[in-house]
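Descriptive structure summary
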Amino acid sequence: MSEILLRAEGITKRYGGILACDGVNIELRAGETHAVIGPNGAGKTTLLAQLGGEITPDVGRIHLGERDVTGLRAPERAALGLGRSFQITSVFREFTALQNVALAVQAHDGHSFRFWRKARTDAALVEPARAMLDRLGLAGRAAVPAALLSHGEQRQLELAMALATKPRVLLLDEPMAGMGASDSERMTRLLTTLKRESALLLVEHDMDAVFALADRITVMTYGRVIATGTPAEIRANQTVRDAYLGTDEAA
Amino acid sequence: MERVATFFVLVALAAVPVLTAIFDAPFYLDLFGRVMIYAIAALSLNLVMGYGGMVSFGHAAFLGLGGYAVGILAKEGIDSGFVQWPLAVGSCALFAFLTGLVVLRTSGAYFIMITLAFAQMLFFLFTSLAEYGGDDGLTIWTRSEFSGLIDLNDGASFYYLVFVLLLLCLGISARLVDSRFGMVLRGAKANERRMRAIGFPTFRYKLAAYTISGAMCGLAGALLANQAEFVGPSVLHWSRSGEILVMVVLGGMGGVAGPVLGAAAYLLLSYFLADLTKHWAIIMGPLLILVVLYARGGLLGLLGGRRAKADSP
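In this report, we go over the structure that sits alongside the text. What you are looking at is a predicted structure, and each value in this text was computed from that prediction instead of being measured.

Here is what the cut-offs are and how they apply
Residues numbered from 1 in each chain as written. Chains lettered and ligands numbered in written order. Predicted model: local features only at pLDDT ≥ 70, side-chain atom pairs only at ≥ 80, totals over all residues. Heavy atoms only, no water. Patch = residues over 30% accessible without salt bridge, like charges linked within 9 Å, V, L, I, M, F, W, Y side chains within 5 Å. Areas by Shrake-Rupley, 256 points an atom, 1.4 Å probe, with all protein chains shown as cover. Salt bridge = Lys/Arg side-chain N within 4 Å of Asp/Glu carboxyl O. Helix = DSSP H or I, 4+ residues; strand = E, 2+ residues; numbered from the N terminus. Contact = heavy atoms within 4.5 Å. Buried area = accessible area lost by both parts, 1.4 Å probe. Polar contact = N/O pair within 3.5 Å; in protein donor to acceptor, adjacent residues only side chain to side chain. Buried < 20%, exposed > 50% of the residue type's maximum accessible area, 1.4 Å probe, protein only. Pairing = 2+ DSSP bridges. Axes fitted to C-alpha atoms, helices over the stretch in contact; angles between N-to-C directions.

**Here's the deal with a nonpolar patch on the surface**
Residues and elements named next belong to chain B.
- Where nonpolar side chains cluster on the molecular surface, the patch consists of Leu269, Leu276, Ile282, Ile283, Leu287, Ile289, Leu290, Leu293 and Tyr294 and spans about 940 Å² of accessible area.
- Taken together, the elements giving at least two residues each to the nonpolar patch come down to helix 10 (258–276) and helix 11 (281–294).
- Sort the elements by how many residues they give to the nonpolar patch and helix 11 lands first, with seven residues.
- Examined against the element boundaries, leucine 269 turns out to sit in helix 10.

**A word on the interface of chain A and chain B**
- Residue-level contacts link 39 residues of chain A with 28 residues of chain B.
- Contact between chain A and chain B buries roughly 3,200 Å² in total, counting both sides, with carbon and sulfur atoms accounting for 59%.
- Inspection of the chain A/chain B interface yields five salt bridges.
- Remark: the boundary between chain A and chain B carries 17 residue pairs in polar contact (both at pLDDT 80 or more).

**Considering the side chain of arginine 143 of chain B**
Residues and elements named next belong to chain B.
- Looking at the secondary structure, you find arginine 143 in the loop between strand 1 (138–139) and helix 6 (155–178).
- When its relative accessible area of 10% is taken as the criterion, arginine 143 is described as buried.
- Polar contacts involving the side chain of arginine 143 include one to the main-chain carbonyl oxygen of asparagine 226, which spans 2.8 Å.
- A distance of 3.1 Å separates polar atoms of two side chains, one belonging to arginine 143 and the other to glutamate 229.
- Residues in contact with arginine 143, not counting those within four places in the same chain, are Asp79, Leu152, Asn153, Phe158, Asn226, Gln227 and Glu229.

**Considering the sheet that holds strand 6 (residues 82–85) of chain A**
Residues and elements named next belong to chain A.
- Read across the open sheet, the six strands follow the order 6-7-8-3-9-10; overall the sheet is mixed. The open sheet terminates on both sides in strands that have one partner only, identified here as strand 6 and strand 10 (224–229). Averaged over all neighbouring strand pairs, the angle between strand axes comes to 15 degrees, with direction disregarded.
- Where strand 3 (residues 33–37) meets strand 9 (residues 216–221), four bridges bridge the pair, whose relative direction is parallel. For alanine 35, the partnering residue across the bridge sits in strand 9 and is isoleucine 217.
- This element, helix 1 (residues 44–52), spans strand 3, strand 6, strand 7 (169–173), strand 8 (199–203) and strand 9 of the sheet and lies at about 150 degrees to strand 7.

**Here's the deal with the sheet that holds strand 1 (residues 4–15) of chain A**
All names here are of chain A.
- In space, the four strands of this open sheet follow the order 2-1-4-5, with antiparallel pairing throughout. Looking at the sheet topology across the chains shown, the edges are occupied by strand 2 (18–29) and strand 5 (67–68).
- When strand 4 (residues 59–64) meets strand 5, the two strands line up antiparallel, connected through two bridges. Paired with leucine 64 across the bridge in strand 5 is arginine 67.
- Helix 1 contacts strand 1, strand 2 and strand 4 of the sheet and is inclined by roughly 120 degrees relative to strand 1.

Any link to function would need more than the numbers given here.
Right, here's the structure in full:
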């Protein structure tokens, strides 16, 4: 079996009376695409936020590779190779597409207590950023402020930024959210090519994409994991069908 | 446009001592000197507010601390500017760093209130320091000595020193905001959560910016005390923090030079309006409201130099 890159053990997060995550176990192996599905309010985004280090679980541990990262905050986990994209597009709207990605490159190019040289013309930032935009098909939009990009382009930019940090593990929160059929197909193809570089943990509602991409699927409802398995196993699982996938569709 | 406007303002400022000499109006040398000193203070605030999104309502603290550093040392018989000025700037940097550790854990309205609170603490501290003037303030009998290098008692020399320091602060600001450090600051203003997710520990960068800002404002404080040959608690009053804030907003936060325009506009306007009527605030107030309502990019925005950064859709 390949190496486990990310592992959460029994993580629990309570908001007042609501158990957003209840003893969740999940692991992500090298080279794997692992999808988390479940109805709205199942705790998927809360799980991702805990894996990313934005919120700390009340109970449970999180390991990134060998290392226990439960107590580390988001920037420190990012430095250890954890990338992240958000459900709601989270780009720097005033910056150009190129500046957005260059900033992500900068995050992993040593400290930023560099006060004098212009970042905009710094080849060490701009060149990798250009290459990344090129790869995601945004090369022609490099000079456009992110706010003026289309929704689909912004989602791609979001991904470009996550990738520019060269993550070993990439957490994607609904990468297809709000995309039309053709955009989301393109995104699926793109994510397929990413598998070689990063292990992907994605939360997604687009079942076509999930079953096309995922090597393993974890199903959550009400903060609990009710099943984990290969797409075929999940499709055949009666509990999952009752709880989520429905009875009439085979996805 | 911004560059052109800035250039003309700077040329005009450079010409002031010549004109005041010709027309024998030394008062204006003082007035424009004060404009430049406040421009430095406003520049320092713009670094954290315009680029970092940290609305400090306590920058008068640095103005006062820088001033008192000069005043207290002078009273203790240490007149050398080589001692006074680094101590003024250094103590402000230290104060900014230490208070920054606290204030930067908050944001929004809380940030505004807690920066105000720290400034008020200094205000009451210096009000109660009876041996250094207390309520009445402290007269500075001799301006800072730079042992033959420059004589600050000469009006034009002092003016040009302030001018050069303003250029220096402008240059530093311009480089800073376009550097890697500046990009982190701007990114943190726009979307701090994202910045952290891509791996920036934003706190330390904001703290560094706050410290630099405090130091720069401390320099303005040292200059102000020298110009007035006096420092008192009024420099630390919260309304002074408000004035610096108004200068930044009035000038526009979209570019580096906005605060210079803002400081000039605010001080000159209040001076000439005060000449007109003692109720000058009645005119100034609505003017400010108009700028805020219709020119969100401030004077810079009116010049069309740059889109206001705060205005993005």
